[in-house]
Amino acid sequence: MADPAARLPDTSVARPRHVAIIMDGNGRWAVNKGWPRLVGHRKGAERVKQLVRACPDLGVNWLTLYAFSTENWKRTTEEVLGLMAIFARYIEREAEGLSAEGVRMRFIGGRERLDGRLQRLMAGIEAKTAMNTRLNLTVAINYGGRDEIVRASRRLADKIARGEVFEPNEADFAACLDTAGHPDPDLVIRSSGETRTSNFLPFQAAYSEYEFTPTLWPDFTPDHLAEILDRFSLRDRRFGSA
Ligand code: IPE
Ligand code: IPE
Ligand code: MG
């Protein structure tokens, strides 16, 4: 049976080991400038490249990025297809660089609804970078926390039916989530001034610290992250203790 203590964040360091980001505000950034929303998404992807490079030096070993939610299918076909093309291009262009920089790239979210070519690119880069440890980069595509919980419940039910698990505990459930084996995020950041979580990691972020910044995602630089990390180090995380 999995150890429940394994998921508790490390409190011995003031720096967050695992940062999760709701990258919001691409559309507004572009529209404010009179440009199509996709221009904002492209600029947002450039920011991701910079941030991924900066994370190891900032002491961040796990970075989880919310790129496309289960609710984002409500957008126009043009925007959805444009975003999917950006994801595919990111993987194709960054594969070599990420490997060389020691980044392990993984994805969470339901894959079956994604285009077959994108699914193959995702599986390919996961395999190619599987041995890397310098930065664990997880990208959430077609991810919804409620959807993940339902899918995890099905997996757990299967394990119970097979007799692999009896009287499941929190750790047994966590082991059925898309993030099985990942530490919980210490800090969740949302850009663009919205103060909601929009279905992002509801189970995993139950004890995360939150930081909401008005900066729109295409303007978010590694310096913004460094500033937020400094503030995080002053927080008193009690996890229910006195
Ligand atoms: C975040 O930016 C990216 C995705 C949700 C895919 P938005 O596209 O939500 O930007 P705003 O919130 O409309 O400005
Ligand atoms: C959350 O942003 C999803 C991502 C950043 C991928 P949204 O822009 O979709 O969220 P809402 O609609 O403002 O809640
Ligand atoms: Mg938004």
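Before going into details, it helps to say that this report is about the structure given with it. (Residues numbered from 1 in each chain as written. Chains lettered and ligands numbered in written order. Predicted model: local features only at pLDDT ≥ 70, side-chain atom pairs only at ≥ 80, totals over all residues. Heavy atoms only, no water.)

**Describing the sheet that holds strand 2 (residues 62-69)**
This is how the line gets drawn: At least two DSSP bridges between two strands are needed for those strands to be called paired. Secondary structure elements are taken from DSSP: a helix is a run of H or I of four residues or more, a strand is a run of E of two residues or more, and numbering for both begins at the N terminus. Orientation is described by lines fitted to C-alpha atoms, with helices fitted over the stretch in contact, and by angles between N-to-C directions that extend from 0 to 180 degrees. Contacts are assigned to residue pairs with any non-hydrogen atoms lying within 4.5 Å of each other.
Ordered by their spatial adjacency, six strands build an open sheet running 3-4-2-1-5-6, and the pairing between neighbours is parallel. The sheet is open, and its two edges are formed by strand 3 (103-108) and strand 6 (209-212), each paired on a single side. Shown here is a sheet whose adjacent strand axes are inclined to one another by a mean of 20°, direction ignored. As paired elements, strand 3 and strand 4 (residues 135-143) share six bridges and run parallel to each other. Along strand 4, the bridge assignment pairs Ile 108 with Ala 140. Sitting on the sheet, helix 7 (residues 222-232) is in contact with strand 1 (18-22), strand 5 (187-190) and strand 6, with an inclination near 140° to strand 5.

**Observations concerning the site of ligand 2**
Our working rule: For this description, a residue counts as near a given molecule or strand if any of its non-hydrogen atoms is within 4 Å of it. Think of a polar contact as two N or O atoms within 3.5 Å of one another; within protein, one of them needs to be a possible hydrogen donor and the other a possible acceptor, and neighboring residues in sequence only count if both atoms come from side chains. Computed with the Shrake-Rupley method and a 1.4 Å probe, the accessible areas treat only the protein chains shown as cover for residues. Ten residues, namely Ala, Val, Leu, Ile, Met, Phe, Trp, Tyr, Cys and Pro, are considered nonpolar, four, namely Asp, Glu, Lys and Arg, are considered charged, and the remaining ones, Gly among them, are considered polar.
Lining the immediate environment of ligand 2, one finds Ile 22, Met 23, Asp 24, Tyr 66, Ala 67, Phe 68, Asn 72, Arg 75, Arg 190, Arg 196 and Ser 198. Measuring from an oxygen atom of ligand 2, one finds a side-chain N or O atom of Arg 190 at 3.3 Å. Surface burial for ligand 2 is 79%, taken as the share of its 390 Å² of free accessible area covered by protein chains. Looking at the shell around ligand 2, the element that brings in the most residues is strand 2, giving three residues. Partitioning the shell around ligand 2 into residue classes produces five nonpolar, two polar and four charged.

**Some words on the site of ligand 1**
In the vicinity of ligand 1, 13 residues are found, and the nearest of them are Asp 24, Gly 27, Arg 28, Arg 37 and Arg 75. Here an oxygen atom of ligand 1 sits 2.9 Å away from a polar atom, N or O, in the side chain of Arg 37. Between Arg 75 and ligand 1, the recorded distance is 2.6 Å, taken from a side-chain N or O atom to an oxygen atom. Relative to its free-state accessible area of 380 Å², ligand 1 is covered by the protein chains to the extent of 87%. Of all elements in the fold, only helix 1 (26-32), helix 2 (37-54) and helix 3 (77-100) reach the threshold of two or more residues within the shell around ligand 1.

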